[in-house]
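Each chain is listed here by its residues.
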Amino acid sequence: MNGNKPIPPSKDDELPGEPNNTSTATVINNLTSTDNPTTTGYMTTEDSTTTTTTKTRNKVLLQTAVRYAQGENGSNPIPVRLLLDSGSQRSYITNSLKKRLGLVPIRTETLNLNTFGDDHFKKRRCDIVQLSLKGNSDNRKITVLCFTNLCSPLTTTIDLSLYPHLQELQLSDLNILEGRQNDSSYIDILIGADYYFDILTGEMVRGESGPVAVNSNFGWVVT
């Protein structure tokens, strides 16, 4: 068990001449809510924080955005970096962000954690909290699980001058641009499938090559 840090793929998993570009985090499955006293077993649904990736000239970009988050207690908004991942059934925030926003748990859930290829799991009780994210048109309230770490730091950047189709867009995360001092490489919030498609607008911009821009309520996300 290595927490939720990515597990490096073995050489046997890679095709000749093709780098393995899948970032794998902890598999979280068999979720049971402690606020339901009638629950006697575990749900069969698997919650996975595995993320899919896109290659950009031998680089890998995940869908990230930077927004302001605020607690329901009226705390001051603070900037946070988000990872949008439709491969995760649930959404999460770090325990560190929970503390900074002064969030009070509304209930707890017990997660069974195991890594790929491991038949055994460990139980972890997680707080559930609510917070708001500032969007372009309105604030979005989300309910999330709290976890220690969500993924390894994301440090990949691109040279914007190589991609004219991105240059006029209002990008949500400027940390992905080369030559710019990154505010943070760490992820504070993971947005899973429970909110993913409510946040994306469906609008997309493609160039002749390189990354694709997807519009969202948080601005343009590059992947």
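Details of the structure are given in the entry above.
A quick note: this is a predicted structure, and the numbers were derived from the prediction, not measured. (Residues numbered from 1 in each chain as written. Predicted model: local features only at pLDDT ≥ 70, side-chain atom pairs only at ≥ 80, totals over all residues. Heavy atoms only, no water.)

1. Here we look at the nonpolar core
Judged by nonpolar contacts, the single largest core of 26 residues is most densely connected at Ile 93, Leu 131, Leu 133, Ile 189 and Ile 191. Here this core takes four residues from strand E6 (residues 78–84), the largest share from any one element. Those residues in contact with Ile 189, other than ones at most four positions away along the chain, are Val 80, Arg 81, Leu 82, Leu 83, Tyr 92, Ile 93, Leu 97, Leu 131, Leu 133, Ile 142 and Leu 150. Judged by nonpolar contacts, the second largest core, of 13 residues, contains Tyr 92, Leu 111, Leu 113 and Leu 145. (Core = buried A, V, L, I, M, F, W, Y, C linked by side-chain atoms within 4.5 Å. Buried < 20%, exposed > 50% of the residue type's maximum accessible area, 1.4 Å probe, protein only. Helix = DSSP H or I, 4+ residues; strand = E, 2+ residues; numbered from the N terminus. Contact = heavy atoms within 4.5 Å.)

2. Points about the pattern of salt bridges
Within this structure, the stated rule accounts for five salt bridges. Arg 100 is the partner of Asp 188 in a salt bridge, and the nearest nitrogen-oxygen pair spans 3.1 Å. Taken together, the positions of Asp 188 in the loop between strand E10 (139–147) and strand E11 (189–191) and Arg 100 in helix H1 (residues 95–101) put the pair 88 residues apart, joining distant regions of the chain. (Salt bridge = Lys/Arg side-chain N within 4 Å of Asp/Glu carboxyl O.)

3. Examining the sheet that holds strand E13 (residues 213–216)
Strand order in the open sheet formed by three strands is E12-E13-E14, with antiparallel pairing between adjacent strands. Sheet topology places strand E12 (200–205) and strand E14 (219–222) at the edges, where each strand pairs with a single neighbour. With direction set aside, neighbouring strand axes in the sheet form an average angle of 30 degrees. Of the strand pairs in this sheet, E13 and E14 are connected by four bridges, and their pairing is antiparallel. (Pairing = 2+ DSSP bridges. Axes fitted to C-alpha atoms, helices over the stretch in contact; angles between N-to-C directions.)

4. What about the environment of Leu 113?
Along the chain, Leu 113 turns up in strand E8 (residues 107–114). Taking the relative accessible area as the measure of exposure, Leu 113 reaches 1% and is therefore buried. C-alpha separation for the pair Leu 113 and Lys 123, spaced 10 residues apart in sequence, amounts to 6.2 Å.

5. Some points on the pairing of E10
Sheet analysis places strand E7 (residues 92–94) next to E10, joined by three bridges and oriented parallel. Paired with Ile 93 across the bridge in E10 is Cys 146. Both strand E9 (residues 122–134) and E10 contribute to a ladder of seven bridges, which runs antiparallel. Paired with Val 129 across the bridge in E10 is Val 144. Once E9 ends, the chain turns through four residues before running back antiparallel as E10.

6. Quick look at the pairing of strand E5 (residues 64–71)
Bridge count for E5 against E6 is six bridges, and the pairing is antiparallel. Counted as the bridge partner of Val 66 is Arg 81 from E6. Hairpin connection from E5 to E6: six residues lie between these consecutive antiparallel strands, with Gly 74 at a positive phi of about 80 degrees. Looking at chain direction, E5 and E9 are connected through three bridges and run antiparallel. Residue pairing across strands places Gln 70 opposite Ser 132, the latter belonging to E9.

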